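The chain contents come next:
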Amino acid sequence: MRPPHVPHGAQVVSVASVPRWTFLAGSLLLALFVFYCFWPLTRYFFSQDDFYFLEKASAGLRAVTAPHFNAHPGHFRPVTMGLYFLVMWPLFGLYPLPYHVVSLALHALNAILAGVLLRRLGISRFASWIAALLFAANVGELEAVAWVSCVQQLLGATFTLVALIRGVDALGTRGRAPVVGASVAYALALGSYEQTLAIPLVLMLWEWIHRGWRAALRACAGPLLPMWILLGAYLVYVLGIRGLPASGPYQMWLGAHVWENFREYTGSVFAVWLIYPYLDLPTGLRGSHIVWWTLIAWYAWRRKPKDLAFGCAAFVLFLLPVLFMRYHVFSFHLYIPAIGALYLLAGAADSAVSA
């Protein structure tokens, strides 16, 4: 069985090749860092959508599942808008601390999984852990971690990262276990949050960029086939049977707001330095666009257009579903697209060290 494929010249890496104690120690430190930074959030009560989901959960299984299985336009998130609260409500009711602790634990897990994914994609161990630390500490993730209802983004990201990690393994080994693992994780991701639908597209792009379009087509008919079947069924149900919201805050339409949303989100994703208020960055700029142009120039100078294309495409593909929303721009929509941005940062750090 051949090892997972990584870009030419990169070191083949798996978690198994790293000393177990090193990985566990690094993961523990990262988790402790997350809890230290975000623990003050556990003092707060519920807010906004939290009460809606808790009320549905208090009414039982039918109340939390019915909104997702009908012919009316709306979100299809039975895992995170339904089953999660159905499990948590009988255990903790209106006691907010456990809900916040679970959110912190998921954020810590996602930071660890982000580091694992970057290693799978050929990024060095040092750069992977630094990128994971930036993801964990980014103040732009505050909304996703603070709001209990944003478990949709947190748990959706968990399943996304697992699907990508096992998907990369499946592309490299063609083994049954990683194919099944990636497919199950993708099914759970689709039931958690609609931004996750881009997972097979990102994996196909990875294969295309680094092995060619013929290999990508073979992967679509091989290890990625179950994902494409799931995606097809999802789109038929969500778009064909339920339809898209035509009014309200989640109304989706094609217009000038798409570009405005894109500019807002790209201007926010690299917002970790907002914890330093003395910079006094202009409103709306936030310095993030400067980072984008710096990364583009760096990758062009280092003659790595494929790596640049993959990172940018992953960011845009995961962001795409929310770009068309007319009245719903929030930082938590960047939680999953940040995977593409992390890849660009970590890759740039790697190439800078080797320069």
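Model, not experiment: these values are computed from the prediction. (Residues numbered from 1 in each chain as written. Predicted model: local features only at pLDDT ≥ 70, side-chain atom pairs only at ≥ 80, totals over all residues. Heavy atoms only, no water.)

Asks: Before we move on, could you go through the overall build of the protein chain and cite the residues and values that matter?
Replies: For the protein chain, the count of helices and strands is 16 helices and 0 strands. Counting across all 355 residues of the protein chain, residues that qualify as buried make up 50%. Sequence-distant contacts, at least 24 apart, represent 78% of the contacts inside the protein chain between residues at least 6 apart. Total accessible area on the protein chain is roughly 16700 Å²; 71% of this is exposed by carbon and sulfur atoms. (Helix = DSSP H or I, 4+ residues; strand = E, 2+ residues; numbered from the N terminus. Buried < 20%, exposed > 50% of the residue type's maximum accessible area, 1.4 Å probe, protein only. Contact = heavy atoms within 4.5 Å. Areas by Shrake-Rupley, 256 points an atom, 1.4 Å probe, with all protein chains shown as cover.)

Asks: Please provide a residue-by-residue account of helix α6 (residues 125-137), values included.
Replies: For α6, with 13 residues, the first-to-last C-alpha span of 18 Å sits near the 18 Å given by 1.5 Å per residue. For α6, the elements touching its buried residues are α1 (20-38), α5 (97-120) and α16 (338-354). (Expected span 1.5 Å × (residues − 1).)

Asks: Please set out helix α13 (residues 256-266) residue by residue, giving values where relevant.
Replies: Looking only at α13, the buried set comprises H257, V258, N261, Y265 and T266. The buried residues of α13 all sit within an arc of 165 degrees when viewed along its axis, so they share a single face. Exposed side of α13, more than 90 degrees from the buried face: A256 and W259 are the residues found there. Of the surrounding elements, those touching the buried residues of α13 are α14 (288-301) and α15 (305-323). (Arc of directions from axis to C-beta.)

Asks: Give a description of the confidence of the model for the protein chain that names residues and reports values.
Replies: Interpreting fine coordinate detail is not advised for predicted regions of low pLDDT. Averaged over every residue, the pLDDT of the protein chain is 86; residues scoring 70 or more account for 90%. Here residues 1-13 is a poorly scored stretch, pLDDT under 50, and it has 32 contacts once near neighbours within four places are set aside; other chains count. Across residues 275-284, where pLDDT falls below 50, the model places 6 contacts with residues more than four positions away in sequence or in other chains. (pLDDT = per-residue confidence, 0-100.)

Asks: So what's going on with the side chain of H107? Which residues, and what values?
Replies: Checked against the element boundaries, H107 lands in helix α5. Taking relative accessible area as the criterion, H107 reaches 0% and is therefore assigned buried. A distance of 2.7 Å separates polar atoms of two side chains, one belonging to H107 and the other to Y335. Setting aside residues no more than four positions away along its own chain, H107 makes contact with V34, F38, F135, A136, E141, V145, L154 and Y335. (Polar contact = N/O pair within 3.5 Å; in protein donor to acceptor, adjacent residues only side chain to side chain.)

Asks: Quick one: what's the story with the packing of aromatic side chains, residue by residue and with numbers?
Replies: The final tally for this structure, using the stated rule, is 24 aromatic pairs. When the centroid spacing of 5.2 Å and the interplanar angle of 80 degrees are considered together, the rings of F46 and Y99 count as edge-to-face. A residue pair is termed long-range when its members are at least 10 positions apart, and F46 in the loop between α1 and α2 (49-58) and Y99 in helix α5 qualify at 53 residues. Pair check on accessibility: F46 and Y99 agree, each one buried. Judged by centre distance (5.5 Å) and plane angle (70 degrees), the rings of Y52 and F53 are edge-to-face. For Y52, a relative accessible area of 44% translates into the label partly exposed. Through a chain of ring-to-ring contacts, the aromatic side chains of F45, F46, F51, F92 and Y99 assemble into a single cluster. (Phe/Tyr/Trp six-rings, centres within 6.5 Å; stacked < 30°, edge-to-face > 60°.)

Asks: Could you give an account of a nonpolar patch on the surface, with specific residues and numbers?
Replies: Among the surface-exposed residues, V87, L91, F92 and Y95 lie close enough to one another that they form a single nonpolar patch of about 410 Å² accessible area. In this structure, F92 sits in helix α4 (residues 78-92). (Patch = residues over 30% accessible without salt bridge, like charges linked within 9 Å, V, L, I, M, F, W, Y side chains within 5 Å. Salt bridge = Lys/Arg side-chain N within 4 Å of Asp/Glu carboxyl O.)

Asks: Which residues make up the packing of helix α10 (residues 199-211) against helix α11 (residues 213-220), and what values go with them?
Replies: Interhelical geometry of α10 versus α11 gives an angle of 150 degrees and a closest axis separation of 7 Å. Between α10 and α11, the angle is such that the two are roughly antiparallel. Taken as a pair, α10 and α11 cross one another with a handedness that is right-handed. Of the residues in α11, those in contact with M204, E207, W208 and R211 of α10 are W213, A215, A216, A219 and C220. Of the residues contributing to the contact of α10 with α11, the split by class is 7 nonpolar, no polar and 2 charged. (Axes fitted to C-alpha atoms, helices over the stretch in contact; angles between N-to-C directions. Parallel < 35°, antiparallel > 145°, perpendicular 65-115°, else oblique. Left-handed = near helix turned anticlockwise from the far one by under 90°. Nonpolar A, V, L, I, M, F, W, Y, C, P; charged D, E, K, R; others polar.)

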